[in-house]
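# What the coordinates show
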Amino acid sequence: MKELNISEMSKAVMSLKKVYIIPHVNPDGDALGSSFGLCRFLRENGKSADVVLEKEIPQAYAFLNGDYILTENASEKRDVIVLDCGDLSRTGKSEALFNAAEHTLVIDHHETNEGYGEKCTVMGEMSSTCEMIFNLIKAAKLKISRDVAFALYTGITSDTGGMRYSCTSPATLRAAAELLETGLDIAYINRMVFENNSLKKIRLKGMVYDSLRILADGKAAIVRMTKEMLEKTGANEDDSEGFVNIPRSVEGVEIGIFLKEREDEIRVSLRSNSYADVSKIAKALGGGGHFHAGGCSYKGSLDETEEKILSLIKEKIFDVI
Ligand SMILES: [Mn+2]
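Bear in mind the structure is a predicted one, so any value in this text is a computation, not a measurement.

Grouped together as the largest cluster of nonpolar side chains are 54 residues, with contacts concentrated most on Ile21, Val52, Ile81, Leu83 and Leu152. Counting residues in each nonpolar core, the second largest holds 26 residues, with Val208, Met229, Ala235 and Ile317 among its members.

In structure tokens:
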């Protein structure tokens, strides 16, 4: 594996003729935005490019109007560009395409990415893979069309929570400004990304809000999503994206806990606002994450899981500060 800077990667990308572009499984706005953005850019510049997805695109991202092929239909031998995948397993079934390719390029912004593929560019300081694709096109000194800008802006706004998270740098905002100059409808994109929920999801969210309880003298808060809630609303687990922010947003709360009841385990998501390192809790139960975000699974009932998490939070965080 060779590590490249973004302009070297730009040259490496432009040297390929026929590529499959592969984002991570269960793709989000950045994975899809960077894939469609790069794919459109390469096609506009005379390359043969296709985005490859393992499953049909999530309905929430249909507005991107991106065309793609499913992994099982990607039958040609082509070079592969992997986007927004912190490790190779995140390519899911498309890993086979990666393994069969002559040339493999990896472009990603996950700090935990240790590098893989023939050539790799990882920039943990970037807000999004879309911001990296923007820089890659700038390095090639080629034009960014409105279609490309539409996809890239979607990914940047997704991964920065609408330019609110700390990953938003001055350079991110300058990139966003330049993308907007192509004539994008910023209100439309942000509405599609943040304010376009299915009725099922809103009903589910209402139930999850109702489960909110305050723990640890107001320093932690918890919400639960049960299998029954999913049955009642007809929603699925994908609809719970972002719910972990509900408990974290209660005034005075440092740690937010979200428990999802699955068939044979409870999935635990943790978030902290400032001083609590929640990855310590996640790691203690065999999971992982970062300082402010962690996740793990636990075999037990919802009540047992809550009890376990709460005792770990007290022992590893509130007792030591
Ligand atoms: Mn991303």
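Here seven strands make up an open sheet; going across it, the order is S1-S7-S6-S5-S2-S3-S4 and the pairing parallel. Both outer strands of the open sheet, strand S1 (2–3) and strand S4 (68–70), are each paired with one neighbouring strand and no more. Where strand S2 (residues 18–22) meets strand S3 (residues 48–53), four bridges bridge the pair, whose relative direction is parallel. When the sheet's bridge partners are listed, Tyr20 is paired in S3 with Asp50. Helix H2 (residues 29–44) contacts S2, S3 and strand S5 (79–83) of the sheet and is inclined by roughly 160 degrees relative to S3.

Here helix H4 (residues 129–139) lies mainly inside the structure; nine of its eleven residues are buried. Listed in full, the buried residues belonging to H4 are Thr129, Cys130, Glu131, Met132, Ile133, Phe134, Asn135, Leu136 and Ile137. In this structure, the buried side of H4 is in contact with helix H1 (6–14), H2, S5, strand S6 (104–108), helix H5 (146–159) and helix H6 (170–180). Lys141, located one to two residues past H4, shows a positive phi value of around 55 degrees.

Splitting the protein chain by domain gives domain 1 (2–194) and domain 2 (199–318). Just the C-alpha atoms count here: the centres of domain 1 and domain 2 sit 30 Å apart.

Our next topic: the packing of H5 against H6. Relative orientation of the contacting elements H5 and H6 amounts to 150 degrees, with a least axis distance of 10 Å. Judged on the interaxial angle alone, H6 and H5 are roughly antiparallel. Remark: the crossing between H5 and H6 carries left-handed chirality. Only Thr172, Ala175, Ala176 and Leu179 of H6 make contact with H5, whose side of the interface consists of Ala149, Leu152, Tyr153 and Ile156. The class makeup of the residues in the contact of H5 with H6 is seven nonpolar, one polar and no charged.

Next up on the list: the pairing of S5. Most of S5 is tucked away: five of the five residues are buried. The alternating pattern of S5 places Asp79, Ile81 and Leu83 and Val80 and Val82 on opposite faces, both of which are buried. Bridge count between S2 and S5: four bridges; the pairing is parallel. When the bridges of S5 are listed, Ile21 appears paired with Ile81. As paired strands, S5 and S6 are joined by four bridges and run parallel to one another. Pairing of Val80 across the sheet is with Thr104, part of S6. Handedness of the β-α-β unit built from S5, helix H3 (residues 95–100) and S6 comes out right-handed.

Here we take up the packing of H2 against H5. Axis separation between H2 and H5 bottoms out at 8 Å; the angle between their running directions is 160 degrees. In terms of orientation, H2 lies roughly antiparallel with respect to H5. In terms of crossing hand, the pair formed by H2 and H5 is left-handed. Across from Gly29, Asp30, Gly33, Ser34, Phe36, Gly37, Arg40 and Phe41 in H2, the residues of H5 making contact are Asp147, Val148, Ala151, Leu152, Thr154, Gly155, Ser158 and Asp159.

The residue Lys141 is not glycine, and still its phi comes out positive at about 55 degrees. With respect to the helices and strands, the residue Lys141 is situated in the loop between H4 and H5. Lys141 gets classed as exposed once you count the C-beta atoms within 10 Å, which come to 7. Phi at Met163 is positive, roughly 60 degrees, even though this residue is not glycine. Positionally, Met163 belongs in the loop between H5 and H6.

Attention now moves to the environment of Tyr275. For Tyr275, the location among the structural elements is in the loop between strand S11 (266–272) and helix H11 (279–284). A C-alpha to C-alpha distance of 21 Å links Tyr275 and Thr112, two positions 163 residues apart in sequence.

What counts as what
- Residues numbered from 1 in each chain as written.
- Predicted model: local features only at pLDDT ≥ 70, side-chain atom pairs only at ≥ 80, totals over all residues.
- Core = buried A, V, L, I, M, F, W, Y, C linked by C-beta atoms within 7 Å.
- Buried ≥ 20, exposed ≤ 12 C-beta atoms within 10 Å, placed from the backbone.
- Pairing = 2+ DSSP bridges.
- Helix = DSSP H or I, 4+ residues; strand = E, 2+ residues; numbered from the N terminus.
- Contact = placed C-beta atoms within 7 Å.
- Axes fitted to C-alpha atoms, helices over the stretch in contact; angles between N-to-C directions.
- Domains from an automatic or database assignment.
- Parallel < 35°, antiparallel > 145°, perpendicular 65-115°, else oblique.
- Left-handed = near helix turned anticlockwise from the far one by under 90°.
- Nonpolar A, V, L, I, M, F, W, Y, C, P; charged D, E, K, R; others polar.
- Right-handed = clockwise from strand over helix to strand, strands pointing away.

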